[in-house]
Amino acid sequence: LATFTYLGQMLTALLRDAETAQLLGSGVAGMSALFCGILIKPQFISSFWLFMYWITPLHYTLEALITSQYHQDETPIMASPGSPFNLALIAKGECVQGSLDPCYGSAEQFVDVTFGGWFQYENVWRADLPYLLGICLLSRVACYVALTKLNYLRR
């Protein structure tokens, strides 16, 4: 939340009027939502657009939240027959194809299958938090510089 608040304040300070800042801010928020890895899973983003996945702050926020929440979580989750989770459990030999018995995997396995291995717990301290802190710091510095150096008033 702080990341988008600071980015919005930076855009408001850098741009001439609030309408332009709102327009650009809504574009940033929309692209963040689209490429964060939830609406389009990382493994399905085309290579041309993959850079958007890596620069959007929402990706790092969600990766940190989801992986830290479900790291080593052994809560059983029933896999629906034919689902990617079910097929992954069958491939690992934890379930039998065509069996009438319910197939269960852990919450950690579910996250790994759902995001295709792109969301990793190891990234929380190594990449996610440093990136988010860097974005916050950069936007605060840019906002400060814009507020002290830019003057859009005409006299």
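Here the structure is shown first, and the text comes after it.
Given the structure is predicted, the values throughout are model-derived calculations rather than measurements.

> Teacher, can you tell me more about the layout of surface pockets here?
Gaps left between atoms are located by rolling a probe of water-molecule size over the structure's atoms. Of the pockets and cavities examined, the largest pocket occupies roughly 220 Å³. If you go around the largest pocket, you meet 15 residues; those closest to its centre are P81, N86, S99, D101 and C103. Among the residues making up the lining of the largest pocket, the classes are represented as 9 nonpolar, 5 polar and 1 charged. Taken as a whole, the second largest pocket holds about 160 Å³ of empty space. Lining the second largest pocket are L7, V28, M31, S32, M52, I55, T56, P57, Y131 and I135.

> Which parts of the structure should I look at to understand a nonpolar patch on the surface?
On the surface, M31, L34, L39, F48, W49, F51, W54 and I55 cluster together into a nonpolar patch covering about 810 Å² of accessible area. Put simply, the parts of the chain that give the nonpolar patch at least two residues each are α2 (18-35) and α3 (50-55). For the nonpolar patch, the element with the most residues is α3, which contributes 3 residues. Looking at the element boundaries, W54 is found in helix α3. Residue W54 is classed as partly exposed on the basis of its relative accessible area, which comes to 40%.

> I keep staring at the environment of C103 and nothing clicks. Help me out?
Here C103 is to be found in strand β2 (residues 103-106). Spatially, the C-alpha atom of C103 lies 50 Å from that of A21, the residues being 82 residues apart in sequence. Residues in contact with C103, not counting those within four places in the same chain, are I77, M78, A79, N86, L89 and C95.

> Would you mind showing me how to read the environment of Y53 here?
Assignment of secondary structure puts Y53 in helix α3. Residue Y53 is classed as buried on the basis of its relative accessible area, which comes to 0%. In sequence terms Y53 and S32 are 21 residues apart; their C-alpha atoms lie 8.0 Å from each other. In this structure Y53 touches F35, C36, G37, P42, I45, H59, W118 and F119, once residues within four positions along its chain are discounted.

> When you look at unusual backbone geometry in this model, what are you seeing that I'm missing?
Most peptide bonds take the trans configuration, and most residues that are not glycine carry a negative phi. The phi angle at Q72 is positive, at roughly 60°, despite the residue not being glycine. If you trace the backbone, Q72 turns up in the loop between α4 (57-70) and β1 (76-79). Take Q72: its relative accessible area is 59%, and that puts it in the exposed class.

What counts and how
- Chains are numbered independently. Their residues run from 1 in the order of the written sequence.
- Per-residue local features are limited, in this predicted model, to residues with pLDDT of at least 70; the limit for side-chain atom pairs, both in listing and counting, is 80 or more; totals at the level of whole chains, interfaces and linings are taken over all residues.
- Think of the side-chain values as coming from all heavy atoms in the structure, minus any hydrogens and water.
- Think of a 1 Å grid over the protein atoms and nothing else: a 1.4 Å probe that fits but is trapped marks a cavity, an open set flanked by protein within 12 Å on at least five of seven lines marks a pocket, and residues with an atom within 4 Å of a point count as lining.
- Grid points are joined across faces, edges and corners, and a volume is the space filled by probe spheres set on the points.
- Residue classes follow a fixed rule: Ala, Val, Leu, Ile, Met, Phe, Trp, Tyr, Cys and Pro count as nonpolar, while Asp, Glu, Lys and Arg count as charged, and any other residue, Gly among them, counts as polar.
- Surface patches are defined over residues having more than 30% relative accessible area and no salt bridge, joining like charges when they lie within 9 Å and nonpolar side chains (Val, Leu, Ile, Met, Phe, Trp, Tyr) when within 5 Å.
- Residue burial considers only the protein chains on display, and all accessible areas are found by Shrake-Rupley using a 1.4 Å probe.
- Salt bridge criterion: a side-chain nitrogen from Lys or Arg within 4 Å of a carboxyl oxygen from Asp or Glu.
- Secondary structure elements follow DSSP: runs of H or I of four or more residues count as helices, runs of E of two or more count as strands, with numbering from the N terminus.
- Each residue's exposure class comes from its accessible area (1.4 Å probe, protein chains only) as a fraction of the maximum for that residue type: buried when under 20%, exposed when over 50%, partly exposed otherwise.
- Contact criterion: two residues are considered in contact whenever any of their non-hydrogen atoms come within 4.5 Å of each other.

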